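Here are the chains, one letter per residue:
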Amino acid sequence: MSVRRIRVGGADPYDVVIGAGVLGELPGLLGGGVRTVALVHDRGLAEIARPVGAVLEEAGYRVHALPVPEGEAAKEVGVLAGLWSEFARLGMTRSDAIVGVGGGATTDLAGFAAASWLRGVRAVLVPTTLLGMVDAAVGGKTGINIPEGKNLVGAFHPPAGVLCDLTTLVTMPREDYISGLAEIIKAGFIADPAILDLVEDDPEGAASPSGPHTLELVERAVRVKAEVVTADLKEAGLREILNYGHTLAHAIETAEDYRFRHGHAVAIGMVYAAELAALAGRLPADAVDRHRAVLTATGLPVSYGAEAWPALRATMTIDKKSRGSTLRFVVLDGLAKPGRLEGPPEELLEAAYKKVAR
Ligand SMILES: NC(=O)c1ccc[n+]([C@@H]2O[C@H](COP(=O)([O-])OP(=O)(O)OC[C@H]3O[C@@H](n4cnc5c(N)ncnc54)[C@H](O)[C@@H]3O)[C@@H](O)[C@H]2O)c1
Ligand SMILES: O=C(O)C(=O)C[C@@H](O)[C@H](O)[C@H](O)COP(=O)(O)O
Ligand SMILES: [Zn+2]
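Residues numbered from 1 in each chain as written. Chains lettered and ligands numbered in written order. Predicted model: local features only at pLDDT ≥ 70, side-chain atom pairs only at ≥ 80, totals over all residues.

So, on to the sheet that holds strand β2 (residues 14-19). A sheet is described by the order of its strands in space; here 7 strands give the open sequence β1-β2-β9-β6-β5-β3-β4, paired in mixed fashion. Unpaired on one side and paired on the other, β1 (4-8) and β4 (62-68) mark the two borders of the sheet. When strand polarity is set aside, the average angle formed by the axes of neighbouring strands in this sheet is 15°. Pairing of strand β6 (residues 122-127) with strand β9 (residues 161-165), which is carried by 2 bridges, proceeds in the parallel orientation. Its bridge partner being in β9, leucine 125 is matched across the sheet by valine 162. Docked against the sheet, helix α4 (residues 104-116) engages β3 (36-42), β4, β5 (97-102) and β6, running at close to 170° with respect to β5. (Pairing = 2+ DSSP bridges. Helix = DSSP H or I, 4+ residues; strand = E, 2+ residues; numbered from the N terminus. Axes fitted to C-alpha atoms, helices over the stretch in contact; angles between N-to-C directions. Contact = placed C-beta atoms within 7 Å.)

Okay, structure coming up:
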C-alpha cells in the first residue's frame, strides 16, 4: 500500500503520514535535538505501544512508557496531573518530547500534557483509531473534560507530526470504528461530498478497516481537516465548520458522563443540525433524509431520548461557539456549503429536537 503525506501549514507546519506499516517514519517526525521521550499510551494498547517504543529506542531516544486509562477516562484532570508528576520525575526539559499512542482521547490528553508542560514541548501523535487518524490527532486541539462539559479545558498546540499506521485499525471494535466514520461523514457533508458517495456505495466496506476504500476515506477526511486548520488554527471563523453536529453532541456526551461514543453523538448532532437548517428554511428535506440514510446505513444512531431535552438544552449554552448568551450552530445551506445559525429561537431549537427524539 502506498504512503500518503499530507502537509498541515501554518506557523509550525507538520506532516500527517498515512499508510500500512509506516512506524519507521516516527523518528523522522520527532526530529533532532530530542533525548527523552515520554510515551503516553492507552493502557489497553500495550501491544501497539511496544513496537513504537522499540523504534524510538533503536533511533537512540531514551523512552519512558506512561500508560494512561483506556479511552475517555484518560481525559481527566487527575490523569493529567499524574503525567505532570511523571515528567518532573523524569526531569523532562523543553528539548524532550511526548509521543501519544491511542485513540482521540489519549492523543487529546497527550497533546494537552505537551501544551502545558513547561508551557509547551514537542508532541508527535500516533493515532490508533479511525477517529484519531481523520480528526483528533490532526489540527492541534488538545484538552480534557470536566463534569460541567466536554473539552472545556485545553489549548491549541499543533503536533510536530502525526503517524497513521492503518495496520493498527484491524483490532478496533466495530462500534468504535463507526464512531470514527461519523467524523469522516461530517467531512463529507461540510466539504467533500465524494466521501458521501463512497460510503453510500458500500456502507459495509466503509464500516470496516479492510474495506476497499479505507485509505481514500482517511486521506480525504485528513485533507479536509488539514486545509481548514491551516487556514484557521485558532477557530477565529472557518474552523468552526469542523464542529458540525458537535453542539448537541457534546451535550449528549456530558449527559452520559462521557460513556457515549463521540462519533455516535456527532451523528445524532448532525441530524439535529440538519433539522434546524430545514426548519429555518435553509436546507431541503431531501438533504436531511440523506443525513439519516448515510448514517444509519453504517450503523450509526440518529435519535436520542425525548426526556433528555431540558438537560441537553442547558448544557448547550456552554458550547465554545457561543458568544455571550447567544447560541451559534454550524448548519448547511446545501452540500459542502456550511454556514452559521445565530441565536435561533427556543421554539426552533425544541422543534428540531422533537424530530430526533425517540
Ligand atoms: N482534538 C480534536 O480535534 C478531536 C477531534 C475529534 C474527536 N476528539 C476527541 O477524541 C475522542 C474520541 O476518540 P476515539 O473515538 O478514538 O476514542 P478513544 O480514544 O476513547 O478510543 C475508543 C476505544 O478504542 C480503544 N482502542 C483504541 N485504539 C484501538 C485499537 N487500535 N484496537 C482496539 N481498540 C482500540 C480504546 O481503548 C477505547 O476503548 C473524544 O474525546 C473526542 O472529544 C478530538
Ligand atoms: O478540530 C476541530 O476544530 C473540531 O471541531 C473537530 C471536532 O471533531 C472535535 O470533536 C473537537 O475536539 C471539538 O472541539 P471543541 O472545541 O468543540 O471541543
Ligand atoms: Zn468531533
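Under the feature "domain: 3-dehydroquinate synthase C-terminal" (unreviewed entry), the UniProt entry names residues 180-322. Helix makes up 63% of residues 180-322 and strand 0%, with an end-to-end C-alpha separation of 25 Å. (UniProt positions renumbered as here; feature names shortened; annotations may be inferred.)

What follows is about the site of ligand 1. Surveying the vicinity of ligand 1 reveals 31 residues, the closest of which are Gly71, Gly103, Gly104, Ala105 and Thr129. Of all the secondary structure elements, the ones that give two or more residues to the shell around ligand 1 are α4, α5 (130-136) and α6 (174-190). For the shell around ligand 1, a count of residues per class yields 6 nonpolar, 16 polar and 9 charged. (Near = placed C-beta within 6 Å. Nonpolar A, V, L, I, M, F, W, Y, C, P; charged D, E, K, R; others polar.)

The positions that UniProt labels "domain: 3-dehydroquinate synthase N-terminal" (unreviewed entry) are, in the present scheme, residues 67-177. This span, residues 67-177, is 34% helix and 30% strand, and a straight line between its end C-alpha atoms measures 22 Å.

Here the focus is the site of ligand 2. Taken together, the neighbourhood of ligand 2 is formed by Asp135, Gly139, Lys141, Asn151, Glu183, Glu235, Arg239, Leu242, Asn243, His246 and Lys320. By residue class, the composition of the shell around ligand 2 is 1 nonpolar, 4 polar and 6 charged. The residue makeup of the shell around ligand 2 includes at least three contributed by each of domain 1 (4-171) and domain 2 (174-356). (Domains from an automatic or database assignment.)

The element β2 is largely enclosed, with a buried count of 5 among its 6 residues. Of the pairings in the sheet, the one linking β1 to β2 comprises 5 bridges and is antiparallel in character. Considered in β2, the bridge of arginine 4 is made with isoleucine 18. Following β1, the chain reverses through 5 residues before pairing antiparallel with β2; glycine 10 in that reversal takes a positive phi of roughly 115°. In this structure, β2 lies alongside β9, joined through 4 bridges in parallel fashion. Looking at the pairing, isoleucine 18 lines up with cysteine 164 of β9. (Buried ≥ 20, exposed ≤ 12 C-beta atoms within 10 Å, placed from the backbone.)

Where helix α11 (residues 262-279) contacts helix α14 (residues 346-356), the axes come no closer than 9 Å and their chain directions differ by 130°. Considering the angle they form, α11 stands oblique to α14. Both α11 and α14 take part in a crossing whose hand is right-handed. The segment α11 lies against α14, with Ile268, Val271, Tyr272, Glu275, Leu276 and Leu279 engaging Leu348, Ala351, Ala352, Tyr353, Lys355 and Val356. Within the contact of α11 with α14, the residues separate by chemical class into 10 nonpolar, no polar and 2 charged. (Parallel < 35°, antiparallel > 145°, perpendicular 65-115°, else oblique. Left-handed = near helix turned anticlockwise from the far one by under 90°.)

What follows is about the domain arrangement of the chain. Each assigned domain of the chain is listed with its residue range as follows: domain 1 (4-171) and domain 2 (174-356). The centre of domain 1, based on its C-alpha atoms, is set 26 Å off from the matching centre of domain 2. Each partner contributes residues to the interface: domain 1 has 28 residues there, and domain 2 has 29 residues. Among the elements of the structure, β1, β2, α5 and β8 (149-156) are those that each provide at least two residues to the side of domain 1 that touches domain 2. Per-element tally for the side of domain 1 that touches domain 2: the top contributor is α5, with 5 residues.

Ranked by internal contacts, the top residues of the largest apolar core, which has 114 residues, are Ile98, Val99, Ala113, Val124, Ile185, Ile268 and Ala273. Every residue in contact with alanine 273, bar those within four places of it in the chain, is listed here: Tyr244, Gly245, Phe329, Val330 and Val331. (Core = buried A, V, L, I, M, F, W, Y, C linked by C-beta atoms within 7 Å.)

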